[in-house]
Structures are given as structure tokens and as C-alpha cells.
Amino acid sequence: VMDQKEFYKNKPANIARVMADRVWSYEITDHASGWIYVEYVMGAESGENLCSVLINAMQDRGGADILHGRPEILMMDPGSANTSAMAKNLCRSLGIQMIVHAPGAARVTGQVENARNIIERKFEAGLRFQPVADLAELNALAARWRGYFNASAVHSRHRKNRSAIWMTIREHQLIKVPGVEECRRLAVAEPVSRKVTTKLRVP
């Protein structure tokens, strides 16, 4: 917990000093069902943190935490992490079409903004009564909450819970991704141009 008098915009040196100690959240929503995935990271908004959360969200975690698989399209705001080489590499390697909306057009990702609002009101507000010791405990609570919330809260658009709608996905639409380590390797592997020789060989 940081004192607002000590850590605010007019004291940038103090903010820089605790940059690595701040907790950030990433929210991902499925357009069709509205399913909400939230995960917390330490440090700052970075390509590494973004890729880590995206990779975790695509993994089959089992239980009520059912959202997984490779999205066809990933729409994001134009933050530096979202346009980083690492994020682009991961999306290109997995065949995800990456769309970054224009600056100042936050309404385009309004579903994610609404998800952030829900998380603040339905999950984070309860943390004042249940303090957490570390990031692992916070993410464990977030996983439990998202499993419960998505399976119980009725969505205003389709009038069903998000998990029920997500379960209507067809077999050919659910594209599994490699494991966490393989996905991380894809994120840092730069594509290399090769020339086909006259003997039809690639050096």
C-alpha cells in the first residue's frame, strides 16, 4: 500500500523507485460470449507481461476456468506493450490477426473497458476485506473469481451466463495452442528470410 502524498505524478522520482513493485492487471474478453479473463502481473506494462498473460489465457486450465484456445482476431489499444515486437511475433507465429485501434478510440475496445469496470466492482472491491500476501495468491483468487463469475452472472446481451455461451463453441472453432514454454519460444523467435536455391533447397 502506497501513501498518495508520497507517490503521485508530481513526485516522479518516487514513482520510478517503486515501478517494479506495482501490480498491473490485464483483461481479455471473448467477443462472442463476453467471457472475462483477468490476470495480475508485477512491474509495468511490457511486451513480456502482455505475452505471459496472453499465453496463460490460451492454455487449457481445466475446471470452471474454461476459456482457452487461439483467437482468430486480437483487438487491442495502441499501448507500447501491445505493439511490441514480442507480441507481434507471438501473434504471427500462432496465426492470430492482430488489430490495434487508433489512439483516442477507446470505444472500439469497450467490451474490455466494461470488463475492467466489472472486475473493479465485483472482485477488487472485496480485496479490502481479504488482503493478499503476494501475486500468486492474488492470481489464485482471480482465477477462482473468474470461474465463478463467468458461470453465474447473466450477460445483458445474450441473457445467459458467459460460460454457457462459451461452451457452444464448435470443435473446428476451438484451436488449441502449444504449451507455455513453446509459446514463449515463439514470442522471442524472430522470423528469418531464406532464399530457395536452384536445387530447391532452403539453407
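Heads up: these notes are all about the structure in this document. (Residues numbered from 1 in each chain as written. Predicted model: local features only at pLDDT ≥ 70, side-chain atom pairs only at ≥ 80, totals over all residues. Heavy atoms only, no water.)

The next thing to look at is a nonpolar patch on the surface. Residues Val 196, Leu 200 and Val 202 make up a contiguous nonpolar surface patch of roughly 330 Å² in combined accessible area. Along the chain, Val 202 falls in the segment after α7 (180–188). (Patch = residues over 30% accessible without salt bridge, like charges linked within 9 Å, V, L, I, M, F, W, Y side chains within 5 Å. Areas by Shrake-Rupley, 256 points an atom, 1.4 Å probe, with all protein chains shown as cover. Salt bridge = Lys/Arg side-chain N within 4 Å of Asp/Glu carboxyl O. Helix = DSSP H or I, 4+ residues; strand = E, 2+ residues; numbered from the N terminus.)

As a further point, take helix α5 (residues 135–152). An ideal rise of 1.5 Å per residue puts 26 Å on 18 residues; α5 measures up with 26 Å between its terminal C-alpha atoms. For α5, the set of buried residues is Leu 138, Asn 139, Leu 141, Ala 142, Trp 145, Arg 146, Gly 147, Phe 149 and Asn 150. (Expected span 1.5 Å × (residues − 1). Buried < 20%, exposed > 50% of the residue type's maximum accessible area, 1.4 Å probe, protein only.)

Next up on the list: unusual backbone geometry. Among all residues except glycine, the phi angle is most often negative; among peptide bonds, the trans geometry is most common. A positive phi is found at Arg 159, a non-glycine position, where the angle reads about 60°. Here Arg 159 is to be found in the loop between α5 and α6 (162–166). By relative accessible area, which is 64% here, Arg 159 ends up exposed. The phi angle at Leu 200 is positive, at roughly 60°, despite the residue not being glycine. Along the polypeptide, Leu 200 turns up in the segment after α7. Leu 200 sits in the exposed class, given a relative accessible area of 73%.

Now for the packing of aromatic side chains. Note on aromatic pairs: each is described by the distance of the centres and the angle between the planes. Within the structure shown, the criterion is met by three aromatic pairs. Members of the aromatic cluster, each reached through a chain of ring pairs, are Tyr 40, Phe 123, Trp 145 and Phe 149. (Phe/Tyr/Trp six-rings, centres within 6.5 Å; stacked < 30°, edge-to-face > 60°.)

With that out of the way, let us pick up the state of the cysteines. This structure, assessed with the given rule, holds zero disulfides. Looking at the unpaired Cys 51, the closest cysteine sulfur is the one in Cys 91, lying at 7.3 Å. According to the relative accessible area criterion, Cys 51 is buried, its value standing at 3%. (Disulfide = S-S within 2.5 Å.)

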